[in-house]
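So you can see what is in the structure, the chains are spelled out below.
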Amino acid sequence: MKFWWSKKKCSRQGGKCPQGNCGKKCQALSDISPGKCVCVKRHHSCGAVRQRLLDLGIIPSVKINVVNRAPLGGPLQLRIGESNLVLSMSEAALIEVEV
């Protein structure tokens, strides 16, 4: 049984596409340049971070427009529907998207 207070890390955290056959269409959200529209394929996060991303509307098959990227590895500004959202690069790296 797994409790929310356990210190165990999720085995999926930081993983990449398990099939390995996605090719160039499958990328991390942190690698997308501003001005592009992408579709979310899956999350590689778990726990509270995963739940927060799902609550913010970053669910599989949703369209995300990358608006801006802060310099020096700063956060990423996204537009999902009518909402503006800012994610850190570490959180964006855990989201797999299709261009």
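A brief structural summary. (Residues numbered from 1 in each chain as written. Predicted model: local features only at pLDDT ≥ 70, side-chain atom pairs only at ≥ 80, totals over all residues. Heavy atoms only, no water.)

A closer look at the side chain of glutamate 96
Then comes step 1: With respect to the element layout, glutamate 96 can be found in strand 6 (residues 95-98).
Then comes step 2: Within the structure, the side chain of glutamate 96 is placed 2.6 Å from the side chain of arginine 42, a separation counted as a polar contact. (Helix = DSSP H or I, 4+ residues; strand = E, 2+ residues; numbered from the N terminus. Polar contact = N/O pair within 3.5 Å; in protein donor to acceptor, adjacent residues only side chain to side chain.)

Focus on the environment of glycine 81
Then comes step 1: If you trace the backbone, glycine 81 turns up in the loop between strand 4 (76-80) and strand 5 (83-87).
Then comes step 2: When the C-alpha positions of glycine 81 and lysine 63 are compared, they lie 7.9 Å apart, and in sequence the two are 18 residues distant.

Re the pattern of salt bridges
Then comes step 1: For the structure shown, the criterion picks out three salt bridges.
Then comes step 2: Arginine 42 serves as the salt-bridge partner of glutamate 96, at 2.6 Å between the closest nitrogen and oxygen. One end of the pair, glutamate 96, is in strand 6; the other, arginine 42, is in strand 2 (residues 37-43), with 54 residues separating them in the sequence.
Then comes step 3: For arginine 52, the salt bridge goes to glutamate 91, with nearest N and O atoms at 3.0 Å. Remark: glutamate 91 occurs in helix 2 (residues 89-92) and arginine 52 occurs in helix 1 (residues 47-55); sequence separation between them is 39 residues. (Salt bridge = Lys/Arg side-chain N within 4 Å of Asp/Glu carboxyl O.)

Here's the deal with the side chain of histidine 44
Then comes step 1: Structurally, histidine 44 can be placed in the loop between strand 2 and helix 1.
Then comes step 2: Residue histidine 44 is classed as buried on the basis of its relative accessible area of 9%.
Then comes step 3: Among the polar contacts made by the side chain of histidine 44, one reaches the side chain of glutamate 96 at a distance of 2.7 Å. (Buried < 20%, exposed > 50% of the residue type's maximum accessible area, 1.4 Å probe, protein only.)

A look at the pairing of strand 4
If a strand is regular, its side chains alternate between the two faces of the sheet.
Then comes step 1: Side chains Leu76, Leu78 and Ile80 of strand 4 all project onto a buried face; the interleaved residues Gln77 and Arg79 project onto a face where none is buried.
Then comes step 2: With four bridges connecting them, strand 3 (residues 63-69) and strand 4 associate as antiparallel partners. Bridge pairing in strand 4 links asparagine 65 to arginine 79.
Then comes step 3: Counted between consecutive antiparallel strands, the loop separating strand 3 from strand 4 contains six residues, among which leucine 72 sits at a positive phi close to 60 degrees.
Then comes step 4: Bridge analysis of strand 4 against strand 5 gives five bridges, and the strand direction is antiparallel. Residue pairing in the sheet places leucine 78 in a bridge with leucine 85 of strand 5.
Then comes step 5: In textbook terms, the turn of a hairpin is the stretch between consecutive antiparallel strands, and for strand 4 and strand 5 this stretch comprises two residues, one of which, glycine 81, has a positive phi near 65 degrees. (Pairing = 2+ DSSP bridges.)

Some remarks on the nonpolar core
Then comes step 1: Membership of the largest hydrophobic core comes to 17 residues, with the highest contact counts inside it found for Leu29, Ile58, Ile64, Leu78 and Ile95.
Then comes step 2: Only strand 2, strand 3, strand 4, strand 5 and strand 6 provide two or more residues apiece to this core.
Then comes step 3: Take this core: its biggest share by element is three residues, from strand 4.
Then comes step 4: Beyond its immediate sequence surroundings of up to four residues, isoleucine 58 is in contact with Val40, His43, Leu53, Ile64, Ile80, Leu85, Leu87 and Ile95. (Core = buried A, V, L, I, M, F, W, Y, C linked by side-chain atoms within 4.5 Å. Contact = heavy atoms within 4.5 Å.)

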